[in-house]
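Chain by chain, the residues run as shown.
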Amino acid sequence: MEPRPPSREHVGAAATGLPRSTDASVTQEGAPQGPRRLAYGDGRLNTGLVIEQAVQALADRTQILVFTGAGISTESGIPDYRGPQGLWKRFDPGDYTYDRYVNDPAFRIDTWGKRFHSPFLDAEPNDAHRAVARLREMGRLIGVVTQNIDGLHAAAGLGPESLVELHGNARRIQCIACGNEPPFSDVEDRWESGAVDPECLECGGILKTRVVYFGEQLPPDATIRAWNMAENADAVLVVGSTLSVYPAAFIPLEVTDRGQPMVIVNRGPTDHDARATALVDGDAGTVLPQLADLLAQG
Ligand SMILES: [Zn+2]
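Residues numbered from 1 in each chain as written. Predicted model: local features only at pLDDT ≥ 70, side-chain atom pairs only at ≥ 80, totals over all residues. Heavy atoms only, no water.

> Residues and numbers for the overall build of the chain, please.
Across its full length, the chain holds 10 helices and eight strands. Expressed as a percentage of the 298 residues in the chain, the buried residues total 53%. Nonlocal contacts in the chain, meaning residues at least 24 apart in sequence, comprise 71% of its contacts between residues at least 6 apart. Carbon and sulfur atoms provide 48% of the accessible area of the chain, an area that totals close to 13,000 Å². (Helix = DSSP H or I, 4+ residues; strand = E, 2+ residues; numbered from the N terminus. Buried < 20%, exposed > 50% of the residue type's maximum accessible area, 1.4 Å probe, protein only. Contact = heavy atoms within 4.5 Å. Areas by Shrake-Rupley, 256 points an atom, 1.4 Å probe, with all protein chains shown as cover.)

> How would you sum up the coordination of the zinc ion? Please name residues and give values.
Around a metal, the perfect tetrahedron of four donors has angles of 109.5 degrees, and the perfect octahedron of six donors has angles of 90 or 180 degrees. Those protein atoms acting as donors to the zinc ion are C175 (SG), C178 (SG), C200 (SG) and C203 (SG), and they sit at 2.2 to 2.4 Å. Here the zinc ion binds four donor atoms, and the angle range of 101 to 114° at the metal identifies the geometry as tetrahedral. Counting along the primary sequence, the residues that act as donors to the zinc ion give the motif C-x2-C-x21-C-x2-C. Judged by its relative accessible area of 2%, C175 falls in the buried class. With a relative accessible area of 42%, C178 lands in the partly exposed category. (Donors = N, O, S within 2.8 Å, 3.2 Å for Na, K, Ca; no water. Tetrahedral: all angles 85-135°; square planar, octahedral: opposite > 155°, others 65-115°.)

> I'd like to hear about the packing of aromatic side chains, residue by residue, with values.
Under the counting rule described, the total for this entry stands at six aromatic pairs. Between Y101 and Y213, the ring centres sit 5.7 Å apart and the planes meet at 70°, which makes this aromatic pair edge-to-face. Of this pair, Y101 sits in helix α3 (residues 98-103) while Y213 sits in the loop between β5 (207-211) and α8 (220-232), and the two are 112 residues apart along the sequence. Residues Y101 and Y213 agree in their burial class; the two are buried. Considering the side-chain rings of F116 and W191, the 5.0 Å spacing of their centres and the 40° angle between planes classify their relative orientation as tilted. Residue F116 is located in helix α4 (residues 105-116), and its partner W191 is located in helix α7 (residues 184-192); the two are separated by 75 residues in the primary sequence. Among the aromatic residues, ring-to-ring pairing joins W112, F116, F184 and W191 into one connected group. (Phe/Tyr/Trp six-rings, centres within 6.5 Å; stacked < 30°, edge-to-face > 60°.)

> Tell me about the nonpolar core, and name the residues and values.
In this structure, V66, L237, V263, L288 and L291 are the most contacted members of the largest nonpolar core, which totals 30 residues. Counting residues per element, the ones that place at least two in this core are α2 (47-58), β1 (64-68), α5 (127-137), β2 (141-146), β6 (235-239), β7 (262-265), β8 (278-280) and α10 (284-297). Excluding its chain neighbours within four sequence positions, the residues that come into contact with V66 are V132, L141, G143, V144, V145, L237 and V239. The next biggest cluster of nonpolar side chains, apart from the first, holds 26 residues, and it includes V145, V212, V238 and A276. (Core = buried A, V, L, I, M, F, W, Y, C linked by side-chain atoms within 4.5 Å.)

> Tell me about the sheet that holds β6, and name the residues and values.
Read from one edge to the other, the open sheet built from six strands follows the order β3-β2-β1-β6-β7-β8, with strand pairing classed as parallel. Only two strands of the sheet have a single partner each, and these edge strands are β3 (163-165) and β8. Sheet twist, expressed as the mean angle between neighbouring strand axes with direction ignored, is 15°. As defined by bridge partners, β1 adjoins β6 across five bridges and the pair is classed as parallel. Residue pairing in the sheet places F67 in a bridge with V238 of β6. Against the sheet, α5 engages β1, β2 and β6, with an angle of about 150° to β2. Lying over the sheet, helix α9 (residues 250-257) contacts β1, β2, β6 and β7, oriented at roughly 145° with respect to β6. (Pairing = 2+ DSSP bridges. Axes fitted to C-alpha atoms, helices over the stretch in contact; angles between N-to-C directions.)

> Any chance you could break down the pattern of salt bridges for me, citing the residues and the numbers?
On inspection of all chains with the given rule, the structure shows 14 salt bridges. Where K208 meets E216, a salt bridge forms, and the shortest distance between an N and an O atom there is 3.2 Å. Accessibility expressed as a relative area gives 5% for K208, which makes it buried. Taken together, the shared-partner salt bridges connect R172, E181 and R210 into one network. (Salt bridge = Lys/Arg side-chain N within 4 Å of Asp/Glu carboxyl O.)

> Tell me what's going on with the environment of L121, and back it up with residues and numbers.
With respect to the secondary-structure elements, L121 resides in the loop between α4 and α5. You can call L121 partly exposed: its relative accessible area is 26%. For the pair formed by L121 and G151, sequence separation is 30 residues and the distance between their alpha carbons is 9.9 Å. Those residues in contact with L121 that lie beyond four places of it in its chain are R115, F116, F184 and E188.

This is how it looks when you write it as structure tokens:
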């Protein structure tokens with residue numbers, strides 16, 4: 001396992017000055033009273049009503065930006081490294097620096113070992129990934145920006161033209177010297193044959209998974225594509241992210257800054273619930289297929 005480290009610029013709700021989602025804009029009977037958002041998570045609302053609110057927010061939208069985080073992949077067996085059982089409880093994120101990877105062969109050997117024993121390798125997309133791909137097929141999306149490095153959106157059938165993997169992809173490998181990208185399976189075969197720190201066969205350089213490490217910039221091409229989507233989206237659907245990792249979280253916030261609706265599907269609160277038009281507190285694999293069904297009917 002080689003999780004992406006948190007950004008140095010990580011800030012929470014306190015730093016943004018935004019209030020937490022505590023006000024009750026919905027009555028005990030469940031009728032929406034407030035103009036923008038629904039409170040949730042206190043047992044007063046049934047999920048079906050909240051999904052209706054989400055459907056209303058997205059009903060006439062055809063350029064929806066879907067922004068996903070670790071929560072969309074937990075049902076595929078990939079642990080959320082920020083959650084209660086998170087990997088950061090077992091690994092020190094400060095260990096995962098680019099400089100250390102380049103300069104410490106023992107660290108690279110350890111990293112390759114974790115990579116080829118990773119739960120990523122056996123993970124399959126779940127119903128939430130498939131629902132996102134379906135929304136794309138329905139002509140509803142401008143694209144998907146993900147913080148995840150597991151490659152599961154692509155595995156669910158989402159084409160590369162519709163997908164931005166902001167923090168990279170753990171299934172891709174690149175030489176840091178010449179840029180050569182050997183197939184993952186070739187490097188895995190060499191590792192299994194005893195190459196504990198497999199080098200680039202083109203130039204002898206250091207190979208590395210295409211995952212953004214601590215101390216590395218986000219890939220410029222991915223960042224540009226993500227911003228283009230955000231600047232042209234007519235709504236944003238956040239799935240499985242607490243919106244607490246920056247600069248990634250600026251992408252969905254750009255959409256709300258332009259006055260477009262934001263629907264959040266997440267287990268538990270996020271740092272930007274106050275900006276949401278509708279909040280659905282639930283598992284992505286349950287909520288997203290329902291949402292796609294209802295949008296298809298509309
Ligand atoms: Zn090379």
